[in-house]
Amino acid sequence: MKISVVMPVYNEAKTVRELIKRVEDVDLEKEIIIVDDYSTDGTRNILKGLERNPGIRVLYHDKNMGKGAALRTGFKHITGNIVIIQDADLEYNPQEYHKLIRPIMDGRADVVYGSRFITTEERRVLLFWHSLGNSLITFISNMFTNLNLTDIETCYKVFKAEVIRSLTIEENRFGFEPEITAKIAKKRYRIYEIGISYSGRDYSEGKKIGWKDGFRAIWCIVKYNLF
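An account of the accompanying structure is given in this report. If you're wondering where the values come from, they're calculated on a predicted model, not measured in any experiment. (Residues numbered from 1 in each chain as written. Predicted model: local features only at pLDDT ≥ 70, side-chain atom pairs only at ≥ 80, totals over all residues. Heavy atoms only, no water.)

Turning our attention to the overall build of the protein chain. For the protein chain, the count of helices and strands is 8 helices and 7 strands. Taken against the 2.2 N^0.38 rule, which gives 17 Å for 227 residues, the C-alpha radius of gyration of the protein chain at 16 Å falls within 12% of a compact globule. The principal-axis extents of the C-alpha atoms in the protein chain amount to approximately 45 × 40 × 35 Å. Nonlocal contacts in the protein chain, meaning residues at least 24 apart in sequence, comprise 79% of its contacts between residues at least 6 apart. Accessible surface, the protein chain as shown: approximately 11,000 Å² in total, 51% of it carbon and sulfur. The positive charge centre, built from 35 side chains, and the negative charge centre, built from 31, are 4 Å apart in the protein chain. (Helix = DSSP H or I, 4+ residues; strand = E, 2+ residues; numbered from the N terminus. Rg over C-alpha atoms; globule rule 2.2 N^0.38 Å. Contact = heavy atoms within 4.5 Å. Areas by Shrake-Rupley, 256 points an atom, 1.4 Å probe, with all protein chains shown as cover. Lys, Arg positive; Asp, Glu negative; His and termini not counted. Charge placed at Lys NZ, Arg CZ, Asp CG, Glu CD.)

See the structure below:
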């Protein structure tokens, strides 16, 4: 069973080298597909130095388009049986891939979300309003999808490859999260959640999602569930 790790990257020079090493260290057959979304902080130079590493493929956007666009590019190049989304910061622990893929490997799930909010694992205590925003977006999404997810904004989303191939992703930025949740709900794929650890960062450390993305997420919930 081969895993395709799709990694959107934008201005992560401080963390991307260490994160890639952590992914490489995971004891699974895998390919790492990195999409640089026109970084300007030196990230591209780091990635060019890693292109020859076995199992790594780096793709480059010629302008900044957003996380959803980077994932759309990466998904076109997957060759594995299972697809895992991995951000290029150090908020999530790649050693948890094993438990994230288990429901798919066991034949119970088509999609797995790694939840930061049902976990018994360690979790850095951070921003109240950001957490409240996440919970509100998930709540509204659940109202439309009739799912009982706890964390639709999580990075760790895992799919059978055929699920990804069955979907057309339209959103360029963080609207990808409610969009893909709506689309897998409509197709009635079997979805599981697993608690994960979370070492979050604040805006001074490079966090990029903002309040405008929250409003866009709500619009995407309505758009992709009703139209």
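This part is about a nonpolar patch on the surface. Among the surface-exposed residues, Leu-136, Phe-139, Met-143, Phe-144, Trp-219, Leu-226 and Phe-227 lie close enough to one another that they form a single nonpolar patch of about 820 Å² accessible area. Put simply, the parts of the chain that give the nonpolar patch at least two residues each are α5 (128–145) and α8 (211–226). Sorting elements by how many residues they give to the nonpolar patch places α5 first, with 4 residues. What makes Met-143 exposed here is its relative accessible area of 57%. (Patch = residues over 30% accessible without salt bridge, like charges linked within 9 Å, V, L, I, M, F, W, Y side chains within 5 Å. Salt bridge = Lys/Arg side-chain N within 4 Å of Asp/Glu carboxyl O. Buried < 20%, exposed > 50% of the residue type's maximum accessible area, 1.4 Å probe, protein only.)

So, about the pattern of salt bridges. Side chains that carry opposite charge are capable of pairing whenever their charged atoms lie near each other. Scanning the entire structure with this criterion turns up 17 salt bridges. A salt bridge links Asp-106 to Arg-108, with the nearest nitrogen and oxygen atoms 3.1 Å apart. Arg-108 sits in the partly exposed class, given a relative accessible area of 35%. One continuous salt-bridge network, built from bridges that share partners, spans Lys-67, Asp-87, Lys-157 and Glu-177.

Ranked by size, the top nonpolar core spans 59 residues in total, and within it Met-7, Ile-20, Ile-34, Phe-75, Val-158 and Ile-180 carry the most contacts. Those residues in contact with Met-7 that lie beyond four places of it in its chain are Leu-19, Ile-20, Val-23, Ile-32, Ile-33, Ile-34, Val-35, Gln-86, Asp-87 and Ala-88. (Core = buried A, V, L, I, M, F, W, Y, C linked by side-chain atoms within 4.5 Å.)

What follows is about the side chain of Asp-151. Here Asp-151 lies in the loop between α5 and β6 (157–160). At 3.4 Å, the side chain of Asp-151 forms a polar contact with the backbone nitrogen of Thr-154. Among residues more than four places away in sequence, those in contact with Asp-151 are Tyr-113, Gly-114, Ser-115, Arg-116, Phe-117, Thr-138 and Glu-193. (Polar contact = N/O pair within 3.5 Å; in protein donor to acceptor, adjacent residues only side chain to side chain.)

Now for the state of the cysteines. Counted by the stated rule, this structure contains 0 disulfides. Cys-155 takes part in no disulfide bond, and the closest cysteine sulfur, belonging to Cys-220, lies 18 Å away. Assessed through its relative accessible area of 1%, Cys-155 is described here as buried. (Disulfide = S-S within 2.5 Å.)

On any regular strand, side chains alternate: one points to one face of the sheet, the next to the other face. Side chains of strand β4 (residues 82–85) alternate between two faces, with Ile-82 and Ile-84 and Val-83 and Ile-85 buried alike. Sheet analysis places strand β1 (residues 3–9) next to β4, joined by 4 bridges and oriented parallel. By the bridge assignment, Ile-3 is partnered in β4 with Ile-82. Strand direction decides the pairing type here: β4 and β6, joined by 3 bridges, are antiparallel. Its bridge partner lying in β6, Ile-84 is registered against Val-158. (Pairing = 2+ DSSP bridges.)

Along the chain, the position of Ile-20 falls in helix α1 (residues 16–24). On the basis of relative accessible area, Ile-20 is assigned to the buried category, the value being 1%. As for Ile-20 and Ile-34, which are separated by 14 residues in sequence, their C-alpha atoms are 9.4 Å apart. With sequence-adjacent residues up to four places away left out, Ile-20 is seen in contact with Met-7, Ile-34, Leu-47, Leu-50 and Ile-56.

Next up on the list: the sheet that holds β1. If you walk across this open sheet you meet the 7 strands as β3-β2-β1-β4-β6-β5-β7, and the pairing is mixed. Looking at strand neighbours, the two that pair on one side only are β3 (56–60) and β7 (191–195), the edges of this open sheet. Across the sheet, the mean angle from the axis of one strand to that of its neighbour is 20°, orientation sign disregarded. (Axes fitted to C-alpha atoms, helices over the stretch in contact; angles between N-to-C directions.)

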